[in-house]
Amino acid sequence: ARGPALRAAAAIGLATVAMVLSMPLMHLHGAPHPLLGAAMHALEARLSQVLPALYAAPPRALELALLALAAGTIGIGRAIFAQGWSALGHRSPDMNTLVALGSAAAFGSSLAATVFPGPLTRAGIPPGAYYETASFVIARVLLGRAREARAKTRRTRAVAALAALEPDT
């Protein structure tokens, strides 16, 4: 159960850093929903005081850092992708397929926005990066797997302890 917990902790750490680094970019592009905008404004006020250099960083540098963080999270969650693509190949898609497709879409569209912002802007598509979304989806699934592994370990120990209570005669 230690391996899944370490993978989940690493993915959550990378995803959290990605979320913090993405805040200045969200500020530049604006929030797509008024409620999200209000929450972002409240968080940004405090974050910009605590980390003023973050808001002074060039957007391109933030995007490249986010790309690296998301790639790291995808690497940690590579089993999700392997299982998802395998299930899709067997015409039996499952939750791993859904997570792999969603994360790949968020990562791929972000990569396109990072590498080709000009053509997207000319086509009227705002070049938004959603690397933190891909990272958090993977991190959340890994956290669920870690919790499941921990529950299985506890259950196995409880059954073994119960079996040990059997009388000798």
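This text goes with the structure placed above it.
Within any chain, residue numbers begin from 1 and follow the written order of that chain's sequence. The predicted origin of the model limits local features to residues at a pLDDT of at least 70 and limits the giving and counting of side-chain atom pairs to 80 or more, whereas totals for whole chains, interfaces and linings rest on all residues. Only hydrogens and water are set aside when side-chain values are computed; all heavy atoms of the structure are taken into account.

(A) Expanded view of the packing of aromatic side chains. Centre distance within 6.5 Å is the pairing criterion for rings of Phe, Tyr and Trp, where only the six-membered ring of Trp is used; planes under 30 degrees apart are then read as stacked, over 60 as edge-to-face, and the remainder as tilted. Counted according to the given criterion, the structure contains 2 aromatic pairs. Taking the centre distance of 6.5 Å and the plane angle of 50° together, the rings of phenylalanine 81 and tryptophan 85 count as tilted. Here tryptophan 85 and phenylalanine 81 lie together in helix H5 (residues 78-89), a separation of 4 residues that amounts to about one turn. Here the term buried applies to any residue with accessible area under 20% of the maximum for its type, exposed to any over 50%, and partly exposed to those in between, with areas from a 1.4 Å probe on protein chains only. Take phenylalanine 81: its relative accessible area is 11%, and that puts it in the buried class. Measuring from centroid to centroid gives 5.6 Å for phenylalanine 107 and tyrosine 131, while their planes differ by 70°, and the two rings are edge-to-face. Placement of phenylalanine 107 in helix H6 (residues 95-115) and of tyrosine 131 in helix H8 (residues 131-164) is noted, with a sequence separation of 24 residues between them. As far as burial versus exposure is concerned, phenylalanine 107 and tyrosine 131 are alike and both buried. The helix count covers DSSP runs of H or I at least four residues long, the strand count covers runs of E at least two residues long, and both are numbered beginning at the N terminus.

(B) Main features of H5. One less than the residue count of a helix, multiplied by 1.5 Å, gives the span that helix is expected to have. Between its first and last C-alpha, H5 extends 16 Å over 12 residues, near the 16 Å set by a 1.5 Å rise per residue. Taken together, the buried positions of H5 are occupied by Ile80, Phe81, Gly84 and Ala87. Projected onto a plane normal to the axis of H5, the buried residues spread over an arc of 135° and lie on a single side. For H5, exposure combined with an orientation more than 90 degrees from the buried face picks out Arg78 and Gly89. Pairs of residues are marked as contacts when any of their non-hydrogen atoms sit within 4.5 Å. Tucked inside the fold, the buried residues of H5 contact helix H4 (59-76), H6 and H8. Positive phi shows up at arginine 91, right after H5, with a value of about 55°. The arc in question is traced by the directions running from the helix axis to the C-beta atoms.

(C) How the structure looks around the pattern of salt bridges. For this analysis, a salt bridge means a side-chain nitrogen from Lys or Arg found within 4 Å of a carboxyl oxygen belonging to Asp or Glu. Throughout the structure, instances matching the rule amount to 2 salt bridges. The shortest N-O distance in the salt bridge between glutamate 63 and arginine 60 comes to 3.7 Å. With glutamate 63 and arginine 60 both in helix H4, this residue pair falls 3 residues apart, about one helical turn. Overall, the relative accessible area of 11% leaves glutamate 63 in the buried class.

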